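Architecture and fold: a report
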Amino acid sequence: MKKLFLIPTAVLFSFCSTNKEAMKKEEDNKTVIKTTSLCPSDGVCTTEILKNKSLVIKTDEFGSIYTQTIDSETTSVIVYQYNRTVKGDLQDAGYREELIFEINNNDTELNLTNKELQQTKMYFGRFCFCRGQTGYYKVEEGKLNLNKVNNTINLNLDFTITKVPQIIKTITTSIN
């Protein structure tokens, strides 16, 4: 009887190996920076750059917006996230805000205001147990100042979303 149990278990574990080369390639194209400036004290903020990726905005069958990234030699995607720390074992207590946008790899400076922000496909995401107030929303009000010096990207953004409440309204960070 034990032998019958071991055979399916061995087969199951044989499928669990990860392609280490694919994982390494993914890590090479991704830089994650833990951001402390202007982050609420009840959570953690991170900035991530997905090098040589392009942002694709899609809509599902219910009309909700979602994002995907695809390979691109000319652009990279920046993702800023605020994750509220959940206390205890509370279900549905998670809260996350996300700002995602695309930059041209050759740009050394960007100064965009209001509707110009859509040149970067900028979206704000709010994810929580907040009925009717979660998902991605276009960012059309704000001011973005971004510059690249050597291999460092300095980002300053003030923005407002009128469709849903937001906690993060200002982002100041540097990405190496």
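Residues numbered from 1 in each chain as written. Predicted model: local features only at pLDDT ≥ 70, side-chain atom pairs only at ≥ 80, totals over all residues. Heavy atoms only, no water.

1. Topic: the sheet that holds strand β12 (residues 170-175)
In space, the four strands of this open sheet follow the order β7-β10-β11-β12, with antiparallel pairing throughout. Lying at the two open borders of the sheet, with one neighbouring strand each, are β7 (109-113) and β12. Put simply, the sheet's adjacent strands are angled 5 degrees from each other on average, direction ignored. The pairing of strand β10 (residues 142-149) with strand β11 (residues 152-159) spans eight bridges and is antiparallel. The residue of β11 that forms the bridge with Val-149 is Thr-152. (Pairing = 2+ DSSP bridges. Helix = DSSP H or I, 4+ residues; strand = E, 2+ residues; numbered from the N terminus. Axes fitted to C-alpha atoms, helices over the stretch in contact; angles between N-to-C directions.)

2. Digging into the confidence of the model for the protein chain
Parts of the prediction with low pLDDT should not have their coordinates interpreted in detail. Per-residue confidence for the protein chain gives a mean pLDDT of 82; residues scoring 70 or more make up 77%. Across residues 5-26, confidence stays below pLDDT 50; counting only partners more than four residues off in sequence or on other chains, it has one contact. (pLDDT = per-residue confidence, 0-100. Contact = heavy atoms within 4.5 Å.)

3. Describing the pattern of salt bridges
Considering all chains together, one arrives at five salt bridges under this definition. Note that Glu-98 and Arg-96 form a salt bridge whose closest N and O atoms lie 2.7 Å from each other. For Arg-96, a relative accessible area of 24% puts it in the partly exposed group. (Salt bridge = Lys/Arg side-chain N within 4 Å of Asp/Glu carboxyl O. Buried < 20%, exposed > 50% of the residue type's maximum accessible area, 1.4 Å probe, protein only.)

4. Section: the side chain of Glu-98
In this structure, Glu-98 sits in strand β6 (residues 95-104). Of the polar contacts made by the side chain of Glu-98, one reaches the side chain of Arg-96; its length is 2.7 Å. Those residues in contact with Glu-98, other than ones at most four positions away along the chain, are Val-79, Tyr-80, Gln-81, Tyr-123, Phe-124, Gly-125, Phe-127 and Tyr-136. (Polar contact = N/O pair within 3.5 Å; in protein donor to acceptor, adjacent residues only side chain to side chain.)

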